[in-house]
Amino acid sequence: MRKGVVVNIEATLRSIMTAIESAETMSGREVHTVWTGIGGSHIDGINSRGVVAVTGKGREIGASDIARVLEAARAVMIPMDRQILEVIPQSYIVDDQKGIRDPLDMMGVRLEAEVHIITCSGTSAQNLTKCVNRAGYLVNDLVLQSLAAGRSVLAAEEKELGVALVDLGGGTTELLVYSDGTPYSITTIPAGGEQVTRDISIIKGISFENAEKIKIDAGCCWEAMLEANDDVIIPGVGGRPPMRIPRAQILTIIQPRMEEIFRMVKEELDTLNLSRPLGGGIVLTGGGAQLLGVAELANQVFRMPVRVGTPLSIGGLVEEYRSPVYAAAVGLVLEGNDREGKAGSDRSGGTPPRESGQDGFHIKLLDWLKKEFF
Ligand SMILES: Nc1ncnc2c1ncn2[C@@H]1O[C@H](COP(=O)(O)OP(=O)(O)O)[C@@H](O)[C@H]1O
Ligand SMILES: [Mg+2]
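Here is a short report on the structure shown in this document. Just so you know, these numbers come straight off a predicted model, no measurement behind them.

Definitions and cut-offs
For every chain, the first residue of the written sequence is number 1, and numbering continues from 1 onward in sequence order. As they are written, the chains are lettered A onward and the ligands numbered 1 onward, keeping that order. For a predicted model such as this one, the threshold for reporting local features is a pLDDT of at least 70, and the threshold for listing and counting side-chain atom pairs is 80 or more; totals across whole chains, interfaces and linings nevertheless cover every residue. To get the side-chain values, all heavy atoms of the structure are used, and hydrogens and water are removed first. The axes used here are C-alpha line fits, helices contributing only the stretch in contact, and every angle between their N-to-C directions lies in the interval 0 to 180 degrees. In this description a helix means any DSSP run of H or I spanning at least four residues, a strand means any run of E spanning at least two, and both kinds are numbered starting from the N terminus. Angle categories: roughly parallel below 35 degrees, roughly antiparallel above 145, roughly perpendicular from 65 to 115, and oblique for all the rest. Left-handed describes a crossing whose near helix is turned anticlockwise from the far helix through less than a right angle; right-handed describes the clockwise counterpart. Contacts between residues were defined by any pair of non-hydrogen atoms, one from each residue, lying within 4.5 Å. Gly counts as polar in this scheme, as do all residues outside two lists: the nonpolar Ala, Val, Leu, Ile, Met, Phe, Trp, Tyr, Cys and Pro, and the charged Asp, Glu, Lys and Arg. At least two DSSP bridges between two strands are needed for those strands to be called paired.

Another aspect to go through is the packing of helix 1 (residues 9-27) against helix 3 (residues 122-134). Interhelical geometry of helix 1 versus helix 3 gives an angle of 55° and a closest axis separation of 8 Å. Here helix 1 lies oblique to helix 3, going by the angle between them. Seen along the crossing, helix 1 lies across helix 3 with a hand that is right-handed. Each of Ile-9, Glu-10, Thr-12, Leu-13 and Ile-16 in helix 1 lies in contact with helix 3, whose residues at this interface are Asn-127, Lys-130, Cys-131, Val-132 and Arg-134. When its residues are assigned to classes, the contact of helix 1 with helix 3 shows 5 nonpolar, 2 polar and 3 charged.

Structure below.
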């Protein structure tokens, strides 16, 4: 995948199979369906609103009025080649009263909703789904990756105060801003950790793989964190002997690029015209948030409190996943668990067993269909 888009179906589906097989081995569970994260430059967010007349008994706003107003709000013109990923209610207006979080059971004649609609490229979504299907799994739903990451690393208090989640990925950096407890904007910056690795590879004349290893083992972007005489070994290319260089030299490659990425994020933040400053500051997550000194560098660029967001503990092999690289993955698990729980309680008051005879039959049938037709 490149910048969130599938560029090689075979390679992507092999990665999916490898990842799920190792998850199955570690957990001792069989996986049939997946909650799939989606992200990248093709994601876009727009604000929209909808209005309906309250029809509930005695003009009391009911769940169906809320569903209708959200339906009205999502009826905006979107280009043919795009699809709606999420419709996030931001606030409601009941008659003339603004800024209502939850209008259920309130009295009113006119109900208005302000929503944030997140769309993605239709073909990108289809290709991603196709890879998952061809790997042998069904997609429950596509979920915006940065929302999933926000779910696993942000505290409710931070979202209330206003917070910017900066997800430092490989090809892209995603910025998700929460204001008054709800997602306010989402932007993708087409630069990420791969640029940093490429810089090291070009400047030091080594392969991308070796550059990546050096970045992960010895990378740093805050000078005060290095000790004197701290050296790294650069592997030799084409039979030449390995070279020992000061770690500070690697820092002079990494730091300007990371600073540039943070400046691009800051420019985006500055264009948002937020009504009040982000009291919750900046939270860094994603693989790039593991770089030594990122929080310090970000603090210098943003001039706001910065912390690294690590997923909350949800049980199991806690030490293994308590790293910012897994923020989005843990968020997807939480999201899937929530939605499956809800679906289960709507039907029978509990999550239906996954391995019942009938389910097994359906899955076998699906496996067969997949083999025959994908
Ligand atoms: N310890 C580390 N130090 C610096 N960068 C890292 C570290 N670990 C991972 N990364 C970088 O994080 C990026 C991948 O982040 P990830 O969130 O997994 O990507 P994506 O969400 O785009 O799939 C890569 O560019 C990788 O080099
Ligand atoms: Mg990520």
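Consider a sheet: its strands pair through backbone hydrogen bonds, and that pairing is either parallel or antiparallel. Taken in spatial order, the 4 strands make up an open sheet running 2-5-3-4, and their pairing is antiparallel. The outermost strands of the open sheet, each flanked by one partner alone, are strand 2 (44-53) and strand 4 (97-100). Mean inter-strand twist for the sheet, computed between neighbouring axes without regard to direction, equals 35°. Across 11 bridges, strand 3 (residues 82-94) lies against strand 5 (residues 110-121) in antiparallel orientation. Bridging across to strand 5, Gln-83 finds its partner in Cys-120. The strands touched by helix 2 (residues 63-74) within the sheet are strand 2, strand 3 and strand 5, with strand 2 carrying the most contacts at an inclination of about 130°. Across the sheet, helix 3 is in contact with strand 3 and strand 5; its angle to strand 5 comes to roughly 65°.

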